[in-house]
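Fold and geometry: a report
Residue-level listing of the chains:
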Amino acid sequence: MLAKNEHSLIVGYSPATATPDPRSETGISPAEIRKIHTDPDKLRPEGSDHLNYHEFCAAARDYFGTRQLDHNGPMNVLLLNPEFPATYWSFKYALRFLGKRCAFPPLGLLTVAAMLPKAWEVRLVDMNVRSLRNRDLKWADAVMIGGMVVQKESARKAIARARAAGLPVIGGGPLFTCEPESFPEVDHLVLNEAELTLPRFLSDWEAGNPAHLYESREYPSLEQTPVPRWDLIDMKAYASMSIQFSRGCPFDCEFCNVTALLGHRPRVKTPGRIIAELNAIYDAGWRGSIFFVDDNLIGNKRTLQTELLPALEAWQKNRSGIPFYTEASINLADDPRLMDAMARAGFNTVFVGIETPSVEGLAECNKRQNSNRDLLESVRTIQRAGLQVQGGFIVGFDSDGPDIFQRQIDFIQQSGIVMAMVGLLQAPVGTRLYARLKNENRIRGYSGGDNTACSTNIVPRMNLTTLQEGYRRIFENIYLPKPYYERMKRFLREYRPPEIRPALQFAHIRAFLKSTVRLGVFGRERFQFWRLMSWTLLRRKELFPTAVTLAIMGHHFRKVYEIQLHRKRAAPTEL
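Please read all numbers here as calculations on a predicted model, not as lab measurements. (Residues numbered from 1 in each chain as written. Predicted model: local features only at pLDDT ≥ 70, side-chain atom pairs only at ≥ 80, totals over all residues. Heavy atoms only, no water.)

**Digging into the sheet that holds strand β4 (residues 169-172)**
If you walk across this open sheet you meet the 6 strands as β2-β1-β3-β4-β5-β6, and the pairing is parallel. At either margin of the open sheet sits one strand with a lone partner, and together these are β2 (121-126) and β6 (213-214). Sheet topology places β4 next to strand β5 (residues 188-190); 3 bridges connect them, and they run parallel. Counted as the bridge partner of Gly171 is Leu189 from β5. Helix-sheet contacts for helix α6 (residues 152-164) involve β1 (76-81), β3 (142-146) and β4, and the interaxial angle to β3 is about 170°. Sitting on the sheet, helix α8 (residues 194-207) is in contact with β3, β4, β5 and β6, with an inclination near 150° to β5. (Pairing = 2+ DSSP bridges. Helix = DSSP H or I, 4+ residues; strand = E, 2+ residues; numbered from the N terminus. Contact = heavy atoms within 4.5 Å. Axes fitted to C-alpha atoms, helices over the stretch in contact; angles between N-to-C directions.)

Right under this line is the structure:
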């Protein structure tokens, strides 16, 4: 087992063998290390005048070393989910109305936890729910950290603290798979899909000779993927639970890294496995919404329609309403029977990648499923089937001209897509777009993972200032109160009420009461808020909860976009 050294926790103790205030090869003293360990916000990006992340990790490793472990004994493993910044998908400002701390649990880490040896003690700290504490690190023998690219800054701070505590660090998930070279201080990188690479790491770990890098170019079956360890989290802290039916997507959009990470052939779990996972969530006491995190739920239509959806419909009959939502491609609109089956099974929302109303833009990014169709009518068809459409939009394609900004505004307003995520084109590592633009010498570092950051890692054809000003114009014309509430009303007119509705919970009552004060009294949207609420009660009262939810979401989106745009006004030419 572990030989725990209290000084490795950096609480003001210097080893007896060290000279007073010794300095590592980097010139950083233990006093400086202790200061940053207790305040990781002191870390700054590489190239700044402040102590950067790599220097700190090197100094901590050099001075404090790494704890010596008995690889054959039981382990205390700390799973870390880094914090999300305030982005479109964080829902940070909307969660406050519900009294929740985070939108979704870390499904990947909960699944990995179920793959670890039974003899190991496992704890999970979701840094979106609570902060990482020194006593967490003191308890642990090793740290396993996962996350997405947008969590990079928080991940670095957590890794730095783990390194300073003398703990071996194991990294996995999309962030580390996309940028392994950015994390030389991580002891072991377990990349790609854990079903293939984690068992190899665990075998080598128990043998006492784990390697630095584990990766695989194969795609595993999902039949052996275990039920996530829901016992490791406090469900009350989250707005929604998550579940995964499939991985992979049959399409090949140039800017998307889903196929690079997960392949073109959708792999699915059996309906029995999904029902077992749903039962585990339900038996743990959850009665709210559940997000099917598949990148394209309808990638395998036959299995979905003939096997999974009937099983979900049967499962719903004996329970209080549990609404589902997911992501799907626009060709969902071509299959009325499939949409009807999804609605009966409990789905009420789908996120769809619309991207652009430009035919040239769709051809450029190989979005063939969106081409040769009336996109507006496709959206309305899905809405009328009882599925709210959330949309993703992109500006900055090479073919985009100055008119693209107004075209995007017009499409979004006419479509009634209330939750419209608009971002500048980015090139994630592993995509065909990244490879093409790198060959053209048009890549400026890694993508930050935040589609709404008003920045990009590419050199666009359009003048950057023009692109950013156009992006700001889109925001002002879709998210300021007047256009936002107009779009809500258009959507509520079209939307068929969902067949399965959630049971009323205290969090819903809290959210409504808080919205009447925050939005209806003090908010700049108060006139639009009360006007829409009155209209909804008179004309579509069954959709009143939906109207309240969307009003709250509008508050979040305005806060996020305003923060991002304020930052860019200070540095308008920054990429």
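**Description of unusual backbone geometry**
A positive phi is found at Phe91, a non-glycine position, where the angle reads about 55°. You can see Phe91 is positioned in the loop between β1 and α3 (92-98). The backbone of Glu355 sits at a positive phi, close to 75°, despite the residue not being glycine. Relative to the helices and strands, Glu355 resides in strand β12 (residues 347-355).

**Things to note about a nonpolar patch on the surface**
The grouping of Leu504, Ile509 and Leu513 at the surface amounts to a nonpolar patch, some 310 Å² of accessible area in total. Within the secondary structure, Ile509 sits in helix α19 (residues 506-518). Take Ile509: its relative accessible area is 38%, and that puts it in the partly exposed class. (Patch = residues over 30% accessible without salt bridge, like charges linked within 9 Å, V, L, I, M, F, W, Y side chains within 5 Å. Areas by Shrake-Rupley, 256 points an atom, 1.4 Å probe, with all protein chains shown as cover. Salt bridge = Lys/Arg side-chain N within 4 Å of Asp/Glu carboxyl O. Buried < 20%, exposed > 50% of the residue type's maximum accessible area, 1.4 Å probe, protein only.)

**Considerations on the packing of helix α10 (residues 271-283) against helix α11 (residues 301-317)**
Put simply, α10 and α11 touch, their axes get as near as 9 Å, and they point 30° apart. The angle between α10 and α11 falls in the class roughly parallel. As for how α10 packs across α11, the hand of that crossing is right-handed. Judged by residue contacts, Pro271, Ile274, Ile275, Leu278, Asn279 and Tyr282 of α10 engage Glu307, Leu308, Ala311, Leu312 and Trp315 from α11. For the contact of α10 with α11, a count of residues per class yields 9 nonpolar, 1 polar and 1 charged. (Parallel < 35°, antiparallel > 145°, perpendicular 65-115°, else oblique. Left-handed = near helix turned anticlockwise from the far one by under 90°. Nonpolar A, V, L, I, M, F, W, Y, C, P; charged D, E, K, R; others polar.)

**A look at the confidence of the model for the protein chain**
Residues of the protein chain with pLDDT of at least 70 account for 89%, and the chain-wide mean is 89. Across residues 1-25, where pLDDT falls below 50, the model places 61 contacts with residues more than four positions away in sequence or in other chains. Confidence drops under pLDDT 50 across residues 46-50; counting only partners more than four residues distant or on other chains, this segment forms 4 contacts. (pLDDT = per-residue confidence, 0-100.)

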